[in-house]
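Next come the chains, spelled out residue by residue.
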Amino acid sequence: MWPGALLTLLLCSSLEAQENSFTINSINMEILPHQEVQNGENLTLQYSMVISTTSRARPQHWVLFSKDDVLCHVSSTEITGSYVIPQGRVYDAGTYKCTVILNMKTTPEHEVLLRGVPPPRVMLDKKEVIEGGVVMINCSVPEEKGPVHFTIEKVSLETEDAKSKIKMSSPNQNSVMLEFTVEEQERVIYFRCKASIVSERHMETSETTRSDMVTVREPFSGPKFYIYPEGLILEGTPMHINCTIQVAHMALAFPEIIIQKDKTIVAHSWQDNAAIYSVMATVEHNGTYTCKVETGQIAKVSSIVVHITELFSKPKLESSATRLDQGDSLHLWCATSGATADNFTIQKGDIVSQTNTFTKRASERDSGIYTCVAGIGKVFKKSNPVQITVCDMLSKPRIFYDSKSAVIKGQIVEVTCQSINGTLPISYHLLKASDILESCIVDSNEPAVFKDNPTEDTEYRGLASNCHSHPEMTKPFLSLVSVVSTHPPFHCVYSQNCSFRNKSWQLLERGPQALASDYAPL
């Protein structure tokens, strides 16, 4: 609309000026009352012209007012005229000038400043809310135009501290709508809002507006514990631990109630105002119990310490020994302190004794884990386990090697040691002379195989041991005679005869170590 009207004015003014001599000597503009005014004050842009003409009747002229180079008003008065802006706002601030259409004379630019922003309006969707609920806030400056920057705070009436703050800009509107969540233990709150508007190079900020008060209700009360029976609780007594709450009428649903002992949940409830943990009391139920009530972001916690009086102590199982040789006497006994238990059982998987003692001559099958259970009425307690190991003695081990192979100096020979009876596992040690050459543990009755590379005639013995108190040594020695590899095989185990160069030889001298020179051909 403005460009078409401007073109029409230019044509009309041009035609009229051709009929008369008319000139504008100067044009000036004045800002009233001042170039800087407070928000809401009236603002007047007044111009005046000095003209010269040959006609008695001055031709009609048009004056255009523009703000920041954008046309905002047209005036058609003769010499003086004005453009009134009632109740100026921040968006009216800017750089103004006026131009005469007749010869396009323009006034100097005048910067107009509007100070301050009207206090924003704050509207709430509710004045009562439960913990964890949401309050919707509308903050607006109806007199202004966007963009407007808003700062909204949630404030506790008790402490006057801002609990949370949100900053939000509205680029095209003069209001914002946002929500605040009410936290636990907030009782009475209100909201503060202020608005800021950027104009040219200036930031104008309003005073802070305070909303109505909002009362916060608890959706549920803090949990409370009730212990039954009250007072002294003796082991064996039925015990009930109750955790109860009061639920507000505004609550949408019952919260979850959880009873914990340490980190273990022992009871919980979804659809009631109480959770109950019922159990026959024992000393294992001593400790701190916590009741936690949760719904959404709200959680309330309460704790109580429960003490159970012990009826009798945990039984202690003792043994005459935990490691025995087969045939030794195995003796177990169980005892408690405090009240005397009505009954005892000693168990190894199945019950082995229904008294507090157990005695027998030990055999290997008596190995295992033993426990004792003592009871009074409905209260039963189990002792710590006791591991009993009964060892069968090893049979005399034998030591040998493959006599079909020659014993060549410096080459590897395999020596085998084996004990075929006795409790596993078996530890084998190969002795070379009097020193242990190598050791190994075997979990079966399979032989242990050792390797050596003798460089001279060598004597070996084998030592076998298990959990039995007496290890077993091989007897007699295993003596190997080594020969050089340039001769046919000569091999000899400690015995009466051996072979060499396909002939039979007889031992001439007997001793623990036989050399090749001790043999003569048959």
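Nothing here was measured: the structure is a model prediction, and the numbers come from that model.

**Let's talk about the packing of aromatic side chains**
Phase 1: This structure, assessed with the given rule, holds five aromatic pairs.
Phase 2: Ring centres of F65 and Y83 lie 5.7 Å apart, and the angle between their planes is 45°; on these two criteria the pair is classed as tilted. Of this pair, F65 sits in strand β4 (residues 63-67) while Y83 sits in strand β6 (residues 80-85), and the two are 18 residues apart along the sequence. Like F65, the residue Y83 is buried in the burial classification.
Phase 3: Taking the centre distance of 6.2 Å and the plane angle of 35° together, the rings of Y277 and Y289 count as tilted. Here Y277 is found in strand β23 (residues 274-280), whereas its partner Y289 is found in strand β24 (residues 287-295), with 12 residues between them in sequence. In this pair, the class of Y277 matches that of Y289, namely buried.
Phase 4: Each residue in the set Y47, F65 and Y83 is aromatic and connected to the rest through ring pairs, giving one cluster.
Phase 5: Over the aromatic face of Y91 sits the side chain of K145, whose NZ or CZ is 4.6 Å from the ring centroid.
Phase 6: Geometry around Y190 places R210 over its ring, the cationic atom sitting 3.9 Å from the centre.

**Here's the deal with the side chain of E186**
Phase 1: Secondary-structure assignment places E186 in the loop between β14 (175-181) and β15 (188-199).
Phase 2: Looking at E186, its side chain comes within polar contact range of the side chain of K154, at 3.2 Å.
Phase 3: Reaching out from E186, the side chain makes a polar contact with the backbone nitrogen of E183 at a distance of 2.9 Å.
Phase 4: Ignoring sequence-local partners within four residues, the contact set of E186 consists of E131, K154, K163 and V216.

**With respect to the pairing of β6**
Phase 1: Only one face of β6 is buried, namely the one carrying G81, Y83 and I85, since none of T80, S82 and V84 on the opposite face is buried.
Phase 2: Sheet topology places strand β3 (residues 43-53) next to β6; six bridges connect them, and they run antiparallel. The residue of β6 that forms the bridge with Q46 is S82.

**Some thoughts on the state of the cysteines**
Phase 1: Taken as a whole, this structure holds four disulfides when the rule is applied.
Phase 2: Disulfide pairing places C243 opposite C291 at an S-S distance of 1.8 Å. On the sign convention where negative means left-handed, the S-S torsion of about -85° between C243 and C291 marks this disulfide as left-handed. Remark: C291 occurs in strand β24 and C243 occurs in strand β20 (residues 238-244); sequence separation between them is 48 residues.
Phase 3: The buried category is assigned to C243, whose relative accessible area is 0%.

**So, the sheet that holds strand β7 (residues 94-100)**
Phase 1: Across the sheet, five strands lie side by side as β2-β8-β7-β4-β5; this open sheet has mixed pairing. Edge positions in the open sheet fall to β2 (36-38) and β5 (70-75), since each of these has one partner strand only. Adjacent strand axes in the sheet meet at a mean angle of 25° when their direction is disregarded.
Phase 2: With five bridges joining them, β4 and β5 adopt antiparallel strand pairing. Within β5, the position partnered with L64 by the bridge is V74.

Thresholds, definitions, all that
Residues numbered from 1 in each chain as written. Predicted model: local features only at pLDDT ≥ 70, side-chain atom pairs only at ≥ 80, totals over all residues. Heavy atoms only, no water. Phe/Tyr/Trp six-rings, centres within 6.5 Å; stacked < 30°, edge-to-face > 60°. Helix = DSSP H or I, 4+ residues; strand = E, 2+ residues; numbered from the N terminus. Buried < 20%, exposed > 50% of the residue type's maximum accessible area, 1.4 Å probe, protein only. Lys NZ or Arg CZ within 6 Å of the ring centre and 35° of its normal. Polar contact = N/O pair within 3.5 Å; in protein donor to acceptor, adjacent residues only side chain to side chain. Contact = heavy atoms within 4.5 Å. Pairing = 2+ DSSP bridges. Disulfide = S-S within 2.5 Å. Axes fitted to C-alpha atoms, helices over the stretch in contact; angles between N-to-C directions.

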